[in-house]
Amino acid sequence: MQKRKEFKMQLGNSKTSLGNILAKDKGKETANNGSQNQKSSPQKRANTKKKSNNGNGNNGGNVKNAKTALIKADNSKKALPAPGKKIKFIPLGGMNEIGKNLTVIEYGSDIVLFDCGVAFPNEEMFGIDLVIPDISYLHKHANRIKGIVLTHGHEDHVGAVPYILKEFNVPVYGTKLTLGIVSNKLKEHKMLGESKLHVKNPGESFRVGEFHFEFIRSNHSIADSVMVAITTGAGTILHTGDFKIDCTPINGEMIDLARIGELGKQGILALMVDSTNAERPGYTMSESTVGATFEKIFEGCTKRIVVATFASNIHRVQQIIDAAEKFNRKVAVSGRSMVNLLTTAMELGYMRIPKNILIDLDEISQYPKDRLVIVTTGSQGESMAALSRMAVSEHKQVTIGHDDLVIFSSHPIPGNEKTVSKVINELFKRGADVIYESLMDIHVSGHACQEEIKLIIGLAKPKYFVPVHGEVKHLRHARCLGEKMGIDKKNIFVLETGDVLEMSNDSAKVIGSVPSGYVLVDGLGVGDVGNIVLRDRKHLAQDGLIVVVVTMNKVNNEIMSGPDIISRGFVYVRESEDLMEEIKSLVTEALKHASNNHKSDWNTMKQQVKSALGNYLFSKVKRRPMILPVIMEV
Ligand SMILES: [Zn+2]
Ligand SMILES: [Zn+2]
C-alpha cells in the first residue's frame with residue numbers, strides 16, 4: 001500500500017529533493033571540485049575509518065596528509081596532469097566474474113575509484129543479500145582517494161557506493177540518471193545529506209586530483225551510460241564501461257564514435273573494453289527492434305498483457321508504454337524497484353509519458369482486460385519479485401489466468417535459467433500464454449558483440465589492451481579480438497582481480513597484486529558473515545541440526561536429567577520416536593563411558609557425545625546433521 005502511494009505522490013511532484021540535489025551541480029567544467037570537497041572530509045574519514053578499521057592501525061597522520069593532497073590538488077587546477085609518473089590500474093572486482101566492478105586507478109599520490117558495484121550471491125551463499133568487493137587495500141590509502149567516477153547506473157557498477165562512502169566520504173561523479181539512482185540508494189542508507197554528488201554530462205570534462213576525466217556518450221541497456229577517457233601525465237586510458245553500438249537508440253543519441261576516433265588519433269595508451277559478449281560474433285541488435293516486436297504482439301491481442309523486464313531498462317519500458325499508447329491500453333507498474341526507478345527516470349526527464357496513460361495497480365479492475373498492460377519486475381524469476389508472486393497466486397492485485405499474455409522481455413542471467421523456467425511453467429499452468437526470448441525477439445543485449453568491440457579497437461588504436469567485465473571465457477575471447485586487430489600480444493593483459501597493472505609510455509607490466517576478494521552483506525551486517533558462518537549455514541541447510549541437552553552433577557558427573565533431544569531439519573521427531581530413544585540411550589552411554597574413563601571435563605564429554613552420535617547416525621541413516629551438545633551443571 002505504502003509503496004503505491006509513494007509512487008503517486010512522487011509522480012505528482014517533480015521538484016523533489018532528488019531533483020534539487022542533482023541540480024546543485026550545474027554541470028560546468030569544475031576543475032576544482034575534487035579538492036574543494038576534500039576540505040570537510042578528512043576528519044570525517046578519519047572518524048569513520050576508526051570504526052571500521054580492522055587493526056591496520058593506519059589512522060595517524062590522515063588529516064595532515066589530506067591537507068598536503070589538498071594543496072597539491074589546488075595547484076593541479078592550473079597545470080595539466082604532471083607527466084613522468086606511472087599509472088596503476090588495479091581491478092578489485094569484475095575480472096573473471098560479471099559483477100562488483102570496482103577499479104582503483106592511481107597516478108602519483110592520487111587515487112580514483114572507477115565504478116563501485118555489487119555482485120549477487122551464488123547459491124552457496126545462504127542468506128546473503130549482496131556481495132561487495134574487499135577494499136582492505138583502500139583502507140591503507142584512505143587519504144589518497146580523491147573521488148569515485150561512475151559509468152552508469154546498473155547495480156554491478158553503483159550498488160556498492162553507499163558501503164564505500166561509509167568508509168571514505170569522497171565526491172562522486174556521474175551522469176544525471178546514474179546519480180539519480182545512486183541518490184535513491186543513499187536515501188535508503190540515510191546518507192544523502194552528507195554525500196557529495198556531481199552531475200557531469202556526456203561530452204563534459206572535469207578534473208579530480210591528478211586526473212582529467214572526459215565522459216563520452218555511449219549506448220547500453222540503461223540510459224545515460226558513458227565511456228570515460230582518463231588522462232594523466234602518463235597518457236590516456238579509454239574505459240568503455242558497459243557498451244554497445246546502437247545506431248537507432250531510443251533516446252535518439254548514438255554513441256560518440258567520432259570522439260573515440262579523435263582520441264585515437266591523439267593517441268590512446270590503454271583501452272579497457274567490455275568483454276561480456278566477446279564470444280558472440282556479429283553485432284548486437286538495436287534496442288528499437290524490440291519496439292517493433294512489441295507492436296506486433298500488442299496488435300490484435302485481446303488479453304491483458306503483462307511484461308516483465310529489468311527495472312533499470314527504462315528505454316525498454318518506454319517502448320512498452322509507446323506500444324500501449326498506440327493500441328489504447330492503460331499501463332500499471334508493479335514491483336518496488338520498478339516503481340522507484342521509473343519515478344527517478346520521470347523526474348529527471350528520461351521518459352515520455354503520455355497523459356493519463358499510467359494508472360495505479362489498485363485501479364486495474366476498473367478497466368477491461370484487453371485495455372491493460374502491466375509492467376513488472378521478476379524477469380529473472382526472483383522469488384520475491386512481483387511476477388513470481390503473480391505466478392504462484394500470492395500477488396494482491398494481479399491474478400494470472402486465461403485472459404493473460406505474459407512477455408519475458410529479458411534474458412536469464414547465467415545461473416537464473418532454472419528459476420526463470422519455473423516461473424514460466426507456473427504461468428502456463430494458470431492458463432496464461434507466455435512469450436519468452438527463444439520464441440520471439442523481445443529482448444536485445446546491452447553489450448557489444450565481436451564486430452562492435454573490433455570497431456572500438458580500430459578507432460581507439462590503443463598501445464595496451466585490457467579486456468574487462470567478463471568471466472574467464474569472455475576475457476579470453478576479447479584477447480583474441482585484440483590480437484586479430486593487430487595489437488602486439490605482449491601488450492594485451494588479461495588480469496585477475498587484485499592484479500596491479502603499471503603503465504607508462506614505454507612499458508606496461510603486472511607488478512604484483514593487492515588483497516582482493518569479497519565481503520558479504522547480510523541485513524545490516526557488512527563483513528560479519530565469513531566462510532565459517534557460511535559453512536555452518538550450508539551444513540544446517542543440507543543436513544539439519546540435533547541439539548542434545550543434559551544436566552549433570554558437577555561433583556560426581558552423574559546425569560541429573562535428560563538427555564533431551566531437539567531436532568530441526570533432520571527428521572520429523574513425532575514420526576521417529578524410536579530413533580530419538582536410541583539417540584538418548586546412546587548419549588547416556590557415551591557420557592557414562594567418558595566419566596568412567598576420567599575424561600570428565602565438559603568439553604571432552606561434549607566431544608565424545610558428538611563423535612559417538614555422529615558415527616551412529618551415519619551408519620544408521622547415512623546423514624551427518626550438525627550436533628550441538630549442551631551440558632548444564634548443578
Ligand atoms: Zn551495465
Ligand atoms: Zn556491468
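It should be emphasised that the depicted structure is a prediction, and the values quoted were computed from it without experimental measurement.

The rules behind the values
- Note that residues are indexed from 1 along each chain, following the sequence as it is written.
- Labels follow written order: the first chain is A, the first ligand is 1, and so on.
- Totals for whole chains, interfaces and linings use all residues, but because this is a predicted model, local features are given only for residues with pLDDT of at least 70 and pairs of side-chain atoms are given and counted only at 80 or more.
- Secondary structure elements follow DSSP: runs of H or I no shorter than four residues count as helices, runs of E no shorter than two count as strands, and numbering proceeds from the N terminus.
- Exposure classification rests on a simple neighbour count of other C-beta atoms within 10 Å of a residue's own: a residue reaching 20 or more is buried, one at 12 or fewer is exposed, and one in between is partly exposed. C-beta atoms are placed from the backbone.
- Placing C-beta atoms from the backbone, we regard two residues as in contact once those atoms come within 7 Å.
- To estimate the expected span of a helix, subtract one from its residue number and multiply by 1.5 Å.
- Here, strands pair whenever DSSP counts at least two bridges between them.
- Note on method: axes are straight lines fitted to C-alpha atoms, helices fitted across the in-contact stretch only, with angles between N-to-C directions ranging 0 to 180 degrees.
- Should an angle fall under 35 degrees it is called roughly parallel, over 145 degrees roughly antiparallel, and 65 to 115 degrees roughly perpendicular, with every other angle called oblique.
- Crossing handedness is read from the near helix: turned anticlockwise from the far helix by less than a right angle, it gives a left-handed crossing, and turned clockwise, a right-handed one.
- Amino acid classes used here: Ala, Val, Leu, Ile, Met, Phe, Trp, Tyr, Cys and Pro are nonpolar; Asp, Glu, Lys and Arg are charged; the rest, including Gly, are polar.
- This arc describes the spread of directions from the helix axis toward the C-beta atoms.
- Across the chain, each position has a pLDDT score giving the predictor's confidence in that residue, from 0 to 100.

1. What about the overall build of the protein?
Secondary structure assignment for the protein yields 20 helices and 26 strands. In the protein, which comprises 634 residues, the proportion classed as buried is 46%. Partitioning the contacts of the protein with sequence separation of at least 6, the portion at a separation of at least 24 is 73%.

2. Quick notes on helix H18 (residues 531–543)
Taking 1.5 Å as the rise per residue, H18 with 13 residues should run 18 Å; its terminal C-alpha atoms sit 18 Å apart, in good agreement. Directly beyond the C-terminal end of H18, a positive phi value near 80° is found at Gly 544.

3. Regarding the sheet that holds strand S24 (residues 545–552)
Read across the sheet, three strands follow the order S25-S24-S26 without closing on themselves; strand pairing throughout is mixed. In this open sheet, the two edge strands, each paired with only one partner strand, are strand S25 (559–568) and strand S26 (626–633). Averaged over all neighbouring strand pairs, the angle between strand axes comes to 15°, with direction disregarded. In this structure, S24 lies alongside S25, joined through seven bridges in antiparallel fashion. Paired with Leu 545 across the two strands is Arg 568, which belongs to S25. Here helix H19 (residues 577–596) sits on the sheet and contacts S24 and S25; the angle it forms with S25, its principal contact strand, is near 135°.

4. Things to note about the pairing of strand S5 (residues 145–149)
Of all five residues in S5, five are buried, a share of seventy percent or more. In the sheet, strand S3 (residues 110–114) pairs with S5 via four bridges, with the strands oriented parallel. Looking at S5, one finds that Leu 113 is bridged to Ile 148.

5. Points about the packing of H19 against helix H20 (residues 602–621)
If you want to describe how two helices pack, look at the angle between their axes and the distance between the axes. Interaxial distance between H19 and H20 falls to 9 Å at its minimum, and their mutual angle equals 140°. Between H19 and H20, the angle falls in the class oblique. For the pair H19 and H20, the crossing hand works out as right-handed. Contacts between H19 and H20 involve Ile 583, Leu 586, Val 587, Ala 590, Leu 591 and Ala 594 from the first element and Thr 604, Met 605, Gln 608, Val 609, Ala 612, Leu 613 and Tyr 616 from the second. In the contact of H19 with H20, the residues fall into eleven nonpolar, two polar and no charged.

6. With respect to the sheet that holds strand S6 (residues 172–174)
Read from one edge to the other, the open sheet built from eight strands follows the order S7-S6-S5-S3-S2-S1-S20-S21, with strand pairing classed as mixed. Here the strands that pair on one side only, and so sit at the sheet edges, are strand S7 (197–199) and strand S21 (508–513). Taken over all neighbouring pairs, the strand axes of this sheet differ in orientation by 25° on average, direction set aside.

7. Details of H19
Over its 20 residues, H19 runs 29 Å from end to end, which matches the ideal 28 Å to within 8%, given 1.5 Å per residue. Within H19 the residues assigned to the buried category are Ile 583, Val 587, Ala 590, Leu 591 and Ala 594. Seen from one end, H19 has its buried residues packed into an arc of 95°, which puts them on one side. Relative to its buried face, H19 has exposed residues pointing more than 90 degrees away, namely Glu 577, Asp 578, Glu 581, Ser 585 and Asn 596. At its buried positions, H19 is contacted by S24, S25 and H20.

8. Considering the environment of Asn 201
With respect to the helices, strands and loops of the structure, Asn 201 is situated in the loop between S7 and strand S8 (205–208). Judged by local crowding, Asn 201 falls into the partly exposed class, with 13 C-beta atoms found within 10 Å. Taking the C-alpha atoms as reference points, Asn 201 and Arg 217, 16 residues apart in sequence, are found 8.5 Å from one another.

9. Quick notes on unusual backbone geometry
Despite not being glycine, Asn 96 shows a phi value in the positive range, around 60°. With respect to the helices, strands and loops of the structure, Asn 96 is situated in the loop between strand S1 (87–91) and strand S2 (103–107). By the C-beta count within 10 Å, which is 16 here, Asn 96 ends up partly exposed. For Asp 115, which is not glycine, the phi dihedral falls at a positive 60°. With respect to the helices and strands, the residue Asp 115 is situated in the loop between S3 and strand S4 (130–133).

10. Points about the pairing of strand S9 (residues 211–217)
Counting buried residues in S9 gives six out of seven residues, a clear majority hidden from the surface. In this sheet, S9 lies alongside S8 in antiparallel orientation, the contact comprising four bridges. Looking at the pairing, Phe 206 lines up with Phe 213 of S9. A loop of two residues connects S8 with S9, the two strands running antiparallel in sequence, and Gly 209 in this loop sits at a positive phi of about 55°. Summarising the sheet, S9 and strand S10 (residues 226–232) pair through six bridges and their orientation is antiparallel. Bridge assignment links Phe 215 to a residue of S10, and that residue is Val 228.

11. Let's talk about the packing of helix H10 (residues 257–266) against helix H16 (residues 450–460)
Taken N-terminus to C-terminus, the directions of H10 and H16 make an angle of 45°; their axes are 7 Å apart at the nearest point. Accordingly, the angle class assigned to the pair H10 and H16 is oblique. Between H10 and H16, the residues in contact are Leu 257, Ile 260, Gly 261, Leu 263 and Gly 264 and Ile 456, Leu 459 and Ala 460, respectively. Broken down by class, the residue content of the contact of H10 with H16 amounts to six nonpolar, two polar and no charged.

12. Topic: the environment of Gly 108
Residue placement: Gly 108 occurs in the loop between S2 and S3. Here the alpha-carbon distance between Gly 108 and Pro 83, two residues 25 residues apart in the chain, equals 9.6 Å.

13. A look at the confidence of the model for the protein
Residues at a pLDDT of 70 or more form 86% of the protein, whose mean pLDDT is 85. Below pLDDT 50 for its whole length, residues 1–78 participates in 107 contacts with residues either more than four positions away or in separate chains.

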